[in-house]
Amino acid sequence: MLQPVRRRTWAPRGQTPILKVWDRHDRLSAIAALTVSPQRRRLGLYFHIQQENLCGDDVVAFLRQVRCHLRRNIIVVLDRWSVHRCAVRMIEESCPWASAEWLPAYAPELNPVEQVWSHTKCADLANYSAEDINDVRNEVEHSIERKRSDQSLLRSFFDHAGLSL
């Protein structure tokens, strides 16, 4: 969103820090996937950002792109968001290369992708004040691109979820 995630900061005594922001509520929708290589246990991070709300078709299209890159069948582990449930119905009907498994309901702490978003919002974009939605998009893309090459950070998302690789 154009509204920044406000975090604590510092300033000289008596000089309160002021974060200037627009009072706009433009937003982006994003989807991401963390992948684990079966042989080398190398982690991958794929993402897509768009200005419209995500729907089941968008999730399936994203999974098709991930599969095209990986060139093998995939197992998709999802939370129970309504868009994901719709996408799984579509996958079951038309995508023999994918199977779906569900995370427990109301357990975002078990989803490593939630940690990707949390790190992006609360660490990389904390106190970031954007001029417009394109600035937000660029910063989110840069943040996720940096995470892509950091295997230890990606592993920490799995560790935080209590998942062993």
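Structure shown above.
Computed from a predicted structure; not experimentally measured. (Residues numbered from 1 in each chain as written. Predicted model: local features only at pLDDT ≥ 70, side-chain atom pairs only at ≥ 80, totals over all residues. Heavy atoms only, no water.)

Engineer: What exactly am I supposed to notice about the overall build of the protein chain here?
Structural biologist: A count of helical and extended segments in the protein chain gives 5 helices and 4 strands. Helices and strands in the protein chain line up, N terminus first, as β-β-α-β-α-β-α-α-α. Looking at the protein chain as a whole, 36% of its 165 residues are labelled buried. (Helix = DSSP H or I, 4+ residues; strand = E, 2+ residues; numbered from the N terminus. Buried < 20%, exposed > 50% of the residue type's maximum accessible area, 1.4 Å probe, protein only.)

Engineer: Whenever I open this one, the pairing of strand β3 (residues 74–78) confuses me. Can you help?
Structural biologist: Along any regular strand, the residues point their side chains to alternate faces of the sheet. What you see with β3 is a clean split: Ile74, Val76 and Leu78 sit on the buried side and Ile75 and Val77 on the side with no burial. Alignment of β3 against strand β4 (residues 98–102), held across 5 bridges, turns out to be parallel. Looking at β4, one finds that Ile75 is bridged to Ser99. The parallel pair β3 and β4, bridged by helix α2 (residues 82–94), forms a crossover whose chirality is right-handed. (Pairing = 2+ DSSP bridges. Right-handed = clockwise from strand over helix to strand, strands pointing away.)

Engineer: Just to check I follow, could you spell out helix α4 (residues 133–148) for this structure?
Structural biologist: Its 16 residues give α4 an end-to-end C-alpha distance of 23 Å, which sits within 8% of 22 Å, the value for a rise of 1.5 Å per residue. Within α4, the full set of buried residues consists of Ile133, Val136, Val140, Ser143, Ile144 and Lys147. In an axial view of α4, the angular spread of the buried residues amounts to 90 degrees, which keeps them on one side of the axis. Tucked into the core, α4 has its buried residues touching β2 (43–50), α3 (112–124) and α5 (151–160). Sitting at the head of α4, Asp132 places a side-chain oxygen 3.1 Å from the backbone nitrogen of Asn134. (Expected span 1.5 Å × (residues − 1). Arc of directions from axis to C-beta. Contact = heavy atoms within 4.5 Å. Polar contact = N/O pair within 3.5 Å; in protein donor to acceptor, adjacent residues only side chain to side chain.)

Engineer: What exactly am I supposed to notice about the side chain of Asp79 here?
Structural biologist: Position of Asp79 among the secondary structure elements: in the loop between β3 and α2. The buried charged residue Asp79 lacks any salt bridge, with Arg85 as its nearest oppositely charged partner at 7.8 Å. Reaching out from Asp79, the side chain makes a polar contact with the side chain of His84 at a distance of 2.5 Å. For Asp79, the residues in contact, after removing those within four places along its chain, are His84, Trp102, Leu103, Asn111 and Glu114. (Lys, Arg positive; Asp, Glu negative; His and termini not counted. Salt bridge = Lys/Arg side-chain N within 4 Å of Asp/Glu carboxyl O.)

Engineer: Quick question: what am I supposed to make of the pairing of strand β1 (residues 29–36) here?
Structural biologist: Taking burial as the measure, the 8 residues of β1 include 6 buried ones, the bulk of the element. Both β1 and β2 contribute to a ladder of 8 bridges, which runs antiparallel. Considered in β2, the bridge of Val36 is made with Leu43. As consecutive antiparallel partners, β1 and β2 are separated by 6 residues, and within that stretch Arg41 has a phi angle of approximately 60 degrees, a positive value.

Engineer: Looking at this structure, I do not really get α5. What am I missing?
Structural biologist: Along an α-helix, residues three or four positions apart point the same way, because every turn accommodates 3.6 residues. Regarding α5, the residues found buried are Gln151, Leu153, Leu154, Phe157 and Phe158. Taken together, the buried residues of α5 touch β1, β2, α3 and α4. Positive phi shows up at Gly162, right after α5, with a value of about 75 degrees.

Engineer: Quick question: what am I supposed to make of the pattern of salt bridges here?
Structural biologist: A pair can form between side chains of opposite charge whenever their charged atoms are brought close. All told, the structure shown has 4 salt bridges when counted by the stated rule. Here Asp124 makes a salt bridge to Lys147, at a shortest N to O gap of 2.5 Å. Remark: Lys147 occurs in helix α4 and Asp124 occurs in helix α3; sequence separation between them is 23 residues. You can call Asp124 partly exposed: its relative accessible area is 28%. One network of salt bridges, with partners in common, ties together Asp124, Arg146 and Lys147.

Engineer: What exactly am I supposed to notice about unusual backbone geometry here?
Structural biologist: Where the residue is not glycine, phi is negative for most of them; where a peptide bond is considered, it is trans in most cases. Its identity as a non-glycine residue notwithstanding, Arg71 has a phi of 55 degrees, on the positive side. Relative to the elements of secondary structure, Arg71 occurs in the loop between α1 (56–70) and β3. Notably, Tyr106 is not glycine yet its phi reads approximately 55 degrees, a positive angle. With respect to the helices, strands and loops of the structure, Tyr106 is situated in the loop between β4 and α3. Tyr106 gets classed as exposed once you look at its relative accessible area, which sits at 83%.

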